[in-house]
Amino acid sequence: MKDFDYEKFIENIWFERRDIVSDGYDRALEYIKKFLPEMEIHRYKSGSKAWTWIIPEKWAVRKAYIKGNGRVLLDLRDHPLHVMSYSASVSGKISKKELFSHLHSRPEYPDMIPFEFSYYKKDWGFCVQHRRLEEFIFDEYEVLVDSKFEPGELKAGVFFIPGATDKEIVVMAHLCHPCMVDDGLSGVSVLINVARQIMKKTDNRYSYRFLIIPETIGTIAYLSQNEHLIDKMEFGIFLEMLGHDGRLSLQNSRQGATLIDRAAKICLEEMGLDHRVGKFFEVIGNDEKILNGPGVNVPTISISRSNFWGRGEWPYPQYHASADTPEIISVKRLKEIEGLVMRILEVLEQNYYPSATVKGPIFLSRYGLWVDWRENRELNLKQAEVFYYLHDNQKSLIDIAYELDIPFGILKEWLDGFFRNGLIKKLKV
Ligand SMILES: [Zn+2]
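In this text the structure is predicted, and so the values were computed from the model without any measurement.

Draft legend 1. Spotlight on the overall build of the protein chain. Per the secondary structure count, the protein chain includes 12 helices and 18 strands. Projected onto its principal axes, the C-alpha coordinates of the protein chain cover approximately 90 × 40 × 40 Å. Across the 429 residues in the protein chain, those meeting the buried criterion constitute 44%.

Dropping the structure here:
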């Protein structure tokens, strides 16, 4: 298995034209296999059904330009994003008005080429820096998009690590999005590292399913063909937009207050990471919509550094644009999320329901469990409250840590002392 270096990994793969069904996407997935040799590649044929969706054709673009007065104004060779992803072919002379109805630009970010796509509606289009529109001074233009649609296969990378139980945690990231880094690829890179660490552990209680897919349609394709797995899926984590300098965002699952929502929140607190928490749909919608979604219903959180799309904010300045390059991300920030995800999974693994074997407030000093207020004032104040949780068998360590705002690590260490003294039993989650 090849060593993983975030910088090299991203450098080698980011500029691939990773459209949802494309050679660039396939090459990227093959490259990932070097780091996860046991990853399976599942294939779904163009035209086949996935619930109400239909797997799209494979797409490629060979040549594209816009000429005005015989001069080339825009050329695919200058940047792959100049052509809308899944653009139909077009060729001929057209008016300025017609051209402008197919020309995408972003006035708020006039120096970036926007990323546009039309996967399910046949249309053609170009994308251009907004400031360059002033070069389009002619009444008539010659346009060419030479693109190709053909039957292909949508591919999902699936890496499964069995644990002691068949309850699964699903970790997802999407590999599509041509020539961009933070949207998609940053999540994939963290996912690979998490998978490689989980794989080395020998005491996993949960089973883990890692999915690397094209956004939305990839998750729909995979779940629709593996419905029998859905009942085993306990929780999900979706990862993307992790490397730029935005503040961390935790988007809760649709269900809202499940163990994974709480585990994520207490880990963010415990690690002292500056963050905001949004409700489902409030931060940014991706594959967690499918796993959380209608008829599937697996509580899935999303971790990103996105602003809150659901509140009308733009995710980050370089979002869906040519400026989403390796320059805007830092390995330090990716590793920070890797650490966060590992801690969330560890907390879920270590979780249990503490169940008291004795009545009454516990004579802590007798067992060396008294928390001196001079050493830990916070826990000192809360220790008596914890007793009440030990009798209802409804609250796990995660819930107690969350509700009483005690760092999970400190609570666990303290309650492990109760267990050693026979004061509690550990009931399985
Ligand atoms: Zn995106």
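Draft legend 2. Focus on the pairing of strand S13 (residues 233-239). Buried residues dominate S13, accounting for seven of its seven residues. The pairing of strand S11 (residues 168-174) with S13 spans five bridges and is classified as parallel. Counted as the bridge partner of isoleucine 169 is phenylalanine 235 from S13. The pairing of S13 with strand S16 (residues 300-304) spans four bridges and is classified as parallel. By the bridge assignment, phenylalanine 238 is partnered in S16 with serine 302.

Draft legend 3. Representation of helix H5 (residues 217-225) within the structure. Counting buried positions along H5 gives seven out of nine residues, so the element sits mostly inside the fold. Looking at H5, one finds that the buried residues are Ile217, Gly218, Thr219, Ile220, Ala221, Tyr222 and Leu223.

Draft legend 4. View of the sheet that holds strand S12 (residues 207-213). Here we have eight strands laid out as an open sheet, ordered S1-S10-S12-S11-S13-S16-S14-S15, and mixed in their pairing. Across the chains shown, the open sheet's two edge strands, defined by having one partner strand only, are strand S1 (40-45) and strand S15 (275-278). With direction set aside, neighbouring strand axes in the sheet form an average angle of 20°. As judged from the four bridges shared by strand S14 (residues 248-251) and S15, these two strands associate in the parallel manner. Among the inter-strand pairings, glutamine 251 is bridged to a residue of S15, identified as glycine 278.

Draft legend 5. A look at the pairing of strand S6 (residues 90-95). Burial analysis of S6 places just zero of its six residues in the buried class, which makes it a mostly uncovered element. Here six bridges tie S6 to strand S9 (residues 140-150), and the two strands are oriented antiparallel to one another. Residue pairing for S9: isoleucine 94 is matched across the bridge by tyrosine 141.

Draft legend 6. Region of interest: the domain arrangement of the protein chain. When the domains of the protein chain are assigned, the result is domain 1 (6-55 + 153-350), domain 2 (58-150) and domain 3 (353-427). The interface is formed by eight residues belonging to domain 1 together with nine residues belonging to domain 3. For the side of domain 1 that touches domain 3, the secondary-structure elements that each account for two or more residues are helix H7 (259-270) and helix H9 (331-350).

Draft legend 7. The arrangement of the nonpolar core in detail. Formed by 113 residues in total, the largest nonpolar core has its most connected members in Val171, Leu191, Ile212, Ala263, Ile344 and Ala401. Apart from residues no more than four positions distant in its own chain, alanine 401 is found in contact with Ile266, Ile406, Pro407, Phe408 and Leu411.

Draft legend 8. Quick peek at the sheet that holds strand S4 (residues 58-68). With respect to topology, four strands assemble into an open sheet ordered S5-S4-S9-S6, the strand pairing being antiparallel. Each edge of the open sheet is held by one strand with a lone partner, namely strand S5 (71-75) and S6. The sheet shows a mean angle of 20° between the axes of neighbouring strands, taken without regard to direction. One ladder, built from four bridges, connects S4 with S5; its direction is antiparallel. Following the sheet pairing, tyrosine 65 is matched in S5 by aspartate 75.

Draft legend 9. A look at the packing of H7 against H9. For the pair H7 and H9, interaxial distance at closest approach is 9 Å and the crossing angle is 125°. Between H7 and H9, the angle falls in the class oblique. The two elements H7 and H9 meet at a crossing, and its hand is right-handed. Across the interface between the two elements, Leu259, Ala263, Ala264, Ile266, Cys267 and Leu268 from H7 touch Leu340, Arg343, Ile344, Val347 and Leu348 from H9.

About the thresholds
Residues numbered from 1 in each chain as written. Predicted model: local features only at pLDDT ≥ 70, side-chain atom pairs only at ≥ 80, totals over all residues. Helix = DSSP H or I, 4+ residues; strand = E, 2+ residues; numbered from the N terminus. Buried ≥ 20, exposed ≤ 12 C-beta atoms within 10 Å, placed from the backbone. Pairing = 2+ DSSP bridges. Axes fitted to C-alpha atoms, helices over the stretch in contact; angles between N-to-C directions. Domains from an automatic or database assignment. Contact = placed C-beta atoms within 7 Å. Core = buried A, V, L, I, M, F, W, Y, C linked by C-beta atoms within 7 Å. Parallel < 35°, antiparallel > 145°, perpendicular 65-115°, else oblique. Left-handed = near helix turned anticlockwise from the far one by under 90°.

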